[in-house]
Amino acid sequence: MSLSKTDTDLDQEKYLREATRHFYGIEKPLKYGPSVETLNDLIQALYAEFSTNYVNIEMVNHLMLSYKSNPKEWQKFAKFDRYKYTRNLVDTGNGKFNLMILCWGEGHGSTIHDHSDSHCFMKMLKGELREIRYAMPTTTTTGTAAEGNTSNTTSMESDLERQESLDEIGQRTMSLNDVAYINDNLGLHRVENTSHSDTAVSLHLYCPPFDSCSVFEKNSGQRVKCTMTFWSKHGQKVTYDK
């Protein structure tokens, strides 16, 4: 039997979601912030930051900026797949946040997606990634990944007529130890490894954590709900029932 969230958990989640309305990220570590020497230091500092209802999201951003990549610390979590990028869970943050490592083979990229009204921090640990941002579409048709085709052709055609292509609002190349921040108030994004000779590794923090998001088709703006899975957890391959 699953346990319901405590009032404290719900208060923190509400506070974090409301913070996405006005937080835009910081570009440099805070002058008064603590230093982070190792990946374990980062994890322990995050636990401390999320121990109260009112998380200082600037401090979370500072911690991600302060950590300097050390492959000896994260290599055990870095699991690659030949055909697609992988999501590898590092720590669940007692349900308060998810910390994971994403591994990008040559030419691998994500879909255009949102972040389920949560904060997303992405830090480069190895290589380079290109982030392309899009404005949130004003009108979309929502479905689910399991729905597939529909027999209601007239309704589907009507929905498609109301859809809009996604407007690109910017892009950047992320290099070693760079940190990007995004939330749904700032738009959607797509991330890709444009190199055909080098892999890339990135560290991601999501708060509150989420297990599904919406992916978008660029030309139509059509939105589809997608369940998110992990390739590995704590360094061990995950096997899902078929």
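Quick caveat: nothing in here was measured; it's all calculated off a predicted structure.

S.K.: With reference to specific residues and values, describe the overall build of the protein.
M.R.: Tallying secondary structure elements over the protein gives five helices and 14 strands in all. The contacts in the protein between residues at least 6 apart in sequence include a share of 82% that link residues at least 24 apart. Accessible area of the protein: about 13200 Å², with a carbon and sulfur share of 47%.

S.K.: Hey, could you go over the UniProt feature "binding site: Fe cation" (unreviewed entry) in the protein for me, with residue numbers and the actual values?
M.R.: Taking the numbering used here, the UniProt-annotated feature "binding site: Fe cation" (unreviewed entry) corresponds to His113, His115 and His189. Annotated residues spanning 77 residues; largest pairwise C-alpha distance 9.3 Å, indicating a single compact cluster. By the element assignment, His115 lies in the loop between strand E3 (112-113) and strand E4 (119-126). Classification of His115 as buried rests on a relative accessible area of 1%. Among all residues touching His115, those that are not within four sequence positions of it are Cys120, Ile182, Asp184, His189, Tyr206 and Phe210. In terms of polar contacts, His115 uses its side chain to reach the side chain of His113, at 3.5 Å.

S.K.: Please give an account of the packing of aromatic side chains that cites residues and values.
M.R.: Any aromatic ring pair is given by two values, namely how distant the centres are and how the planes are angled relative to each other. For the coordinates displayed, the defined rule picks out seven aromatic pairs. Arranged with centres 4.9 Å apart and planes meeting at 40 degrees, the rings of Phe50 and Phe97 form a pair that is tilted. With Phe50 in the loop between helix H2 (39-49) and helix H3 (57-66) and Phe97 in the loop between strand E1 (86-91) and strand E2 (98-104), this residue pair connects regions lying 47 residues apart in the sequence. As far as burial versus exposure is concerned, Phe50 and Phe97 are alike and both buried. Centroid distance Phe121 to Tyr181: 4.9 Å. Interplanar angle 45 degrees. Geometry classified as tilted.

Reading the values: the criteria
Residues numbered from 1 in each chain as written. Predicted model: local features only at pLDDT ≥ 70, side-chain atom pairs only at ≥ 80, totals over all residues. Heavy atoms only, no water. Helix = DSSP H or I, 4+ residues; strand = E, 2+ residues; numbered from the N terminus. Contact = heavy atoms within 4.5 Å. Areas by Shrake-Rupley, 256 points an atom, 1.4 Å probe, with all protein chains shown as cover. UniProt positions renumbered as here; feature names shortened; annotations may be inferred. Buried < 20%, exposed > 50% of the residue type's maximum accessible area, 1.4 Å probe, protein only. Polar contact = N/O pair within 3.5 Å; in protein donor to acceptor, adjacent residues only side chain to side chain. Phe/Tyr/Trp six-rings, centres within 6.5 Å; stacked < 30°, edge-to-face > 60°.

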